[in-house]
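# Geometric and topological summary
What follows is each chain in one-letter form.
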Amino acid sequence: MRILVDAVVVASAVSALTITPRVLARRPAPVRAAGRRVLSPAVWLVLVTGPVHVNQVLFTVYVLRVHDGDPSFVARYLPAGWFDLASSTPALRTMAEHFPAPGLLAPSLLRVQAFLELPFVLLAFATVVRWLDTDLYRRIARSALLPSASASYTAVFCLVEWDLRNPYTVDDVLIRTVSAVVTPLFLARMAARDTATTRVPASVPGLLVFIGSLGALGALVLVVYDTALLYSLGRLDDRLPLALTALAALVVLRAAAVRVSDRSGPTLSFVVHALRHWLLLFFVPALAIRYGLLFGTPRPALAAGVVTAAVACVRAAREASAGAGRRPRAVAGLTARAGCAVLAGTAGATVALRLTPPSYAEVALLSAMGAFLVTGVAMCGVLDHFRKGADNG
């Protein structure tokens, strides 16, 4: 099992490094004339999240009526943390009592989620990319990166399914394979019809709004995983304050995104370039790296993450230095300022890791990443400000 997950990590990282230069070399994706309104990935993400939770309600009804409220018939095949049902909720018990044919709800166990998990993950990533740069979003959707990511994610999902095999594993693998074919076709069609033309401005407010949006969305994704995708709707009451806070923050931040200014500086431009390249490179191996830390060997997963980040920074530095005319003094100054920002971001991430409770690894990683980006962007803004002041002086 470990060696197979490691192989997916390596293959995904190599394919991303191989494909991305061709994606960047292609002409910008043509923007079609405005016609019928197309829903954004964020809206589709909401529409997919709805059925995920509806399925949890139906599964609870199924367990209450068919298995007397005891999920042990399937829980014994899976690790601790699954199947914390909301079976004591009065509304669900009333619904279960009056449901006409509970036996028909058997597919709500694992099968429905097996189809919906891939679009949920891909739509979350597509939402982030579209917030950053709609042209980049369309480039990814019309390139080999999208089917490669679908194949990589599905391979990891199926390997984990097999490692936790149960009487429904074969069904789940087949369903995930169908989803791996259907989902990228749908996303590509949706992106091709998207007429938006937005890009995060290379300014401190613009980048902070983007990072805040990323953090809020990440928190919501973690809540969905921790409750609905682990069949643990009983935890929703405890997670609801976090979910509502993240949702409110996300609404405010996305409203603010259209009002931020574009007072760019060379170091902040480097950050935007680095984010674009990192999202391109990380798109395919993202899930393999995440599961490689748990089900594979951590070193290859960590190495893949470091390599994608390093290559993104190198490519971003080339683009930023080209904007500076490749003058040796300007390039050296940009490199020094970027190095200071990385050090500041690392310090911020270290503090966040120390302050975040270690009980939930994903929360700690999200906090560390957010602190790294916020601290680094703030430092870039300060350095660009002093550089501008020195130039004016």
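What you see is a predicted model, and the numbers here were worked out from it, not measured in a lab. (Residues numbered from 1 in each chain as written. Predicted model: local features only at pLDDT ≥ 70, side-chain atom pairs only at ≥ 80, totals over all residues. Heavy atoms only, no water.)

This part covers the side chain of Ser213. You can see Ser213 is positioned in helix α9 (residues 204-227). The class for Ser213 is buried, based on a relative accessible area of 0%. Here Val209 takes part through its backbone oxygen, which lies 2.8 Å from a polar atom of the side chain of Ser213. (Helix = DSSP H or I, 4+ residues; strand = E, 2+ residues; numbered from the N terminus. Buried < 20%, exposed > 50% of the residue type's maximum accessible area, 1.4 Å probe, protein only. Polar contact = N/O pair within 3.5 Å; in protein donor to acceptor, adjacent residues only side chain to side chain.)

As a further point, take the packing of aromatic side chains. All chains considered together, the criterion is met by 12 aromatic pairs. On the numbers, 5.0 Å between centres and 75° between planes, the contact of Phe59 with Tyr231 is edge-to-face. Within this pair, whereas Phe59 is found in helix α2 (residues 41-66), its partner Tyr231 is found in the loop between α9 and α10 (236-257), the two being separated by 172 residues in sequence. In this structure, Phe59 and Tyr231 share a single accessibility class: buried. A centroid spacing of 5.9 Å and a plane angle of 35° characterise the contact between Tyr291 and Phe295, whose relative ring orientation is tilted. Linking Tyr291 with Phe295, this pair stays in helix α12 (residues 286-295), spanning 4 residues, or about one helical turn. Pairwise contacts between aromatic rings join Phe59, Trp82, Phe83 and Tyr231 into one cluster. When the ring centre of Tyr291 is taken as origin, the NZ or CZ atom of Arg290, which lies over that ring, is 4.8 Å away. (Phe/Tyr/Trp six-rings, centres within 6.5 Å; stacked < 30°, edge-to-face > 60°. Lys NZ or Arg CZ within 6 Å of the ring centre and 35° of its normal.)

Right, let's get into the pattern of salt bridges. Tallied over the entire structure, the rule returns 10 salt bridges. With its nearest N and O atoms 3.5 Å apart, the salt bridge here joins Asp133 to Arg199. Note that Asp133 is positioned in the loop between α5 (111-132) and α6 (134-141) and Arg199 in the loop between α8 (169-192) and α9, a separation of 66 residues in sequence. Taking the relative accessible area as the measure of exposure, Asp133 reaches 3% and is therefore buried. (Salt bridge = Lys/Arg side-chain N within 4 Å of Asp/Glu carboxyl O.)

Phi at Phe83 is positive, roughly 60°, even though this residue is not glycine. By secondary structure assignment, the location of Phe83 is in the loop between α3 (72-75) and α4 (90-98). Here Tyr231, not a glycine, exhibits a phi torsion of approximately 55°, which is positive.

Right, let's get into the side chain of Asp133. A distance of 2.9 Å separates a polar atom in the side chain of Asp133 from the backbone nitrogen of Asp135. Beyond its immediate stretch of four places on either side in the chain, Asp133 contacts Thr198, Arg199 and Arg276. (Contact = heavy atoms within 4.5 Å.)

What follows deals with the state of the cysteines. What makes a disulfide is a covalent bond joining the sulfur atoms belonging to two cysteines. As enumerated under the stated definition, the model contains 0 disulfides in all. Free of any disulfide, Cys340 has its nearest neighbouring cysteine sulfur in Cys380, separated by 9.5 Å. (Disulfide = S-S within 2.5 Å.)

Bringing helix α11 (residues 266-283) into the picture now. For α11, spanning 18 residues, the distance from its first C-alpha to its last is 26 Å, which sits close to the expected 26 Å at 1.5 Å a residue. The buried fraction of α11 amounts to 15 of the 18 residues, a majority that puts the element mostly inside the structure. (Expected span 1.5 Å × (residues − 1).)

With 100 residues, the main nonpolar core has Tyr153 and Phe283 as its most contacted residues. In terms of residues, this core owes the most to one element, α5, which gives 13 residues. If we ignore the near neighbours within four places in the chain, the residues touching Phe283 are Leu122, Phe125, Ile140, Leu145, Leu146, Ala149 and Tyr153. (Core = buried A, V, L, I, M, F, W, Y, C linked by side-chain atoms within 4.5 Å.)

Take the confidence of the model for the protein next. Averaged over every residue, the pLDDT of the protein is 88; residues scoring 70 or more account for 91%. Mean pLDDT across the elements of the protein bottoms out in helix α15 (residues 361-392) (77) and peaks in α5 (96). (pLDDT = per-residue confidence, 0-100.)

Packed helices, taken two at a time, are described by the angle between their axes plus the distance between the axes. α4 packs onto α2 with a crossing angle of 65° between their chain directions and a minimal axis gap of 9 Å. Judged by the twist between their axes, the crossing of α2 over α4 is right-handed. The residues of α4 that touch α2, namely those facing Val57, Leu58, Thr60, Val61, Leu64 and Arg65, are Leu92, Arg93, Met95, Ala96, Glu97 and His98. By residue class, the composition of the contact of α2 with α4 is 7 nonpolar, 2 polar and 3 charged. (Axes fitted to C-alpha atoms, helices over the stretch in contact; angles between N-to-C directions. Left-handed = near helix turned anticlockwise from the far one by under 90°. Nonpolar A, V, L, I, M, F, W, Y, C, P; charged D, E, K, R; others polar.)

All right, on to the packing of α5 against α9 then. Where α5 contacts α9, the two axes come as close as 10 Å, and the packing angle between them is 170°. Comparing their axes, α9 and α5 come out roughly antiparallel. In contact with Glu117, Phe120, Val121, Ala124, Thr127, Val128, Trp131 and Leu132 of α5, α9 contributes Phe210, Ser213, Leu214, Leu217, Val221, Val224 and Tyr225. Here the residues of the contact of α5 with α9 are counted per class, giving 12 nonpolar, 2 polar and 1 charged. (Parallel < 35°, antiparallel > 145°, perpendicular 65-115°, else oblique.)

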